[in-house]
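Okay, here's what each chain looks like letter by letter:
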Amino acid sequence: FPVTIGSVFSGGYYDLPPMIGWWLWPLLHVSAHPLWLRLWNLLVPLLIAFGLYEWLRESADRAFARRAALLYLLWPLPFLAVFSFPDVPLTFFSFFSALLFCRGVRSDPRKSRMEMVASGALWGAAFLSKYFAVFLLPAFLIWA
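Residues numbered from 1 in each chain as written. Predicted model: local features only at pLDDT ≥ 70, side-chain atom pairs only at ≥ 80, totals over all residues. Heavy atoms only, no water.

## Some details on helix α1 (residues 18–30)
Along α1, the largest kink reaches about 30 degrees and is centred on leucine 24; proline proline 26 follows within four residues of it. All of the buried residues along α1 are Pro18, Met19, Ile20, Gly21, Trp23, Leu24, Leu27 and Leu28. Turning to α1, the residues buried within the fold contact α2 (34–37), α3 (39–59), α5 (87–106) and α6 (109–129). (Bend = angle between axes of the 7 residues up to and from the residue. Helix = DSSP H or I, 4+ residues; strand = E, 2+ residues; numbered from the N terminus. Buried < 20%, exposed > 50% of the residue type's maximum accessible area, 1.4 Å probe, protein only. Contact = heavy atoms within 4.5 Å.)

Below is the structure:
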């Protein structure tokens, strides 16, 4: 099949940041079927809903957390990402970066150091998935 983005592991690509190719690279070694290549697009909203549930469960009751996660899953916007692959890693890494940042701010300062480092690493991965993620940094700085 023709060489597509992700078929050759690279530090960057002509029209996209490198994370898109890095996500596609292991998938292309299994199959080039479109459904298989869009697998992450279907799994990321489920992972975010689970992360939302776990996050809200700490500060609210389980019923509220369950309803919020279900509302997120019933909202059609996350699943429309099937049509726009570059936004899926951005959404995934941005959400979990913000989640770990919030947990780091709320937790004990001795424990929060690793959460803040992980949040920064995930923010860096979001930046490598779409350069638009640079606008997440001022939100973290304003919060801090």
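On we go from here.
## Side note on the pattern of salt bridges
As enumerated under the stated definition, the model contains three salt bridges in all. Here glutamate 58 ties to arginine 103 by a salt bridge, and the two come within 3.7 Å at their closest N and O atoms. Here the residue glutamate 58 occupies a position in helix α3, and arginine 103 occupies one in helix α5, the gap between them amounting to 45 residues. Taking relative accessible area as the criterion, arginine 103 reaches 34% and is therefore assigned partly exposed. Measuring nitrogen to oxygen at the nearest pair gives 3.7 Å for the salt bridge that ties glutamate 115 to arginine 103. (Salt bridge = Lys/Arg side-chain N within 4 Å of Asp/Glu carboxyl O.)

## Remarks on the packing of aromatic side chains
According to the stated counting rule, one finds nine aromatic pairs in the structure shown. When the ring of tryptophan 23 is compared with that of phenylalanine 93, the centres are 5.8 Å apart and the planes differ by 75 degrees; the resulting orientation is edge-to-face. Highlighted residues: tryptophan 23 in helix α1 and phenylalanine 93 in helix α5, separated in sequence by 70 residues. As far as burial versus exposure is concerned, tryptophan 23 and phenylalanine 93 are alike and both buried. Among the aromatic residues, those joined into a ring-pair cluster are Trp23, Trp40, Trp55, Phe92, Phe93, Phe95 and Phe96. (Phe/Tyr/Trp six-rings, centres within 6.5 Å; stacked < 30°, edge-to-face > 60°.)

## Brief notes about the packing of α5 against helix α7 (residues 136–143)
Between α5 and α7, the shortest axis-to-axis distance is 12 Å and the interhelical angle comes to 10 degrees. Taken together, the axis directions place α5 and α7 in an arrangement best described as roughly parallel. Touching Ser94, Ser97, Ala98, Phe101 and Val105 of α5 are Leu136, Phe140 and Trp143, all from α7. When its residues are assigned to classes, the contact of α5 with α7 shows six nonpolar, two polar and no charged. (Axes fitted to C-alpha atoms, helices over the stretch in contact; angles between N-to-C directions. Parallel < 35°, antiparallel > 145°, perpendicular 65-115°, else oblique. Nonpolar A, V, L, I, M, F, W, Y, C, P; charged D, E, K, R; others polar.)

## Brief notes about the nonpolar core
Ranked by size, the top nonpolar core spans 24 residues in total, and within it Trp23, Val44, Ile48, Phe92, Phe93 and Phe96 carry the most contacts. Mapped by element, the contributors of at least two residues to this core are α1, α3, α4 (62–74), α5 and α6. No other element matches the eight residues that α5 contributes to this core. In contact with isoleucine 48, other than residues within four places in its own chain, are Tyr72, Thr91, Phe92, Phe95 and Phe96. If you look at the next biggest cluster of nonpolar residues, it comprises five residues, including Ile20, Leu24, Leu28 and Leu37. (Core = buried A, V, L, I, M, F, W, Y, C linked by side-chain atoms within 4.5 Å.)

## Structural notes on the side chain of serine 94
By the secondary structure assignment, serine 94 is in helix α5. Apart from the residues lying within four places of it in its own chain, the contact partners of serine 94 are Ala126 and Leu136.

## Looking at the environment of phenylalanine 140
By the secondary structure assignment, phenylalanine 140 is in helix α7. Residues phenylalanine 140 and serine 97 lie 43 residues apart in sequence; the distance between their C-alpha atoms is 9.9 Å. Apart from residues lying up to four places away in sequence, phenylalanine 140 is in contact with Ser97, Ala98, Phe101, Ser119 and Trp123.

By themselves, these figures tell us nothing about what the structure is for.
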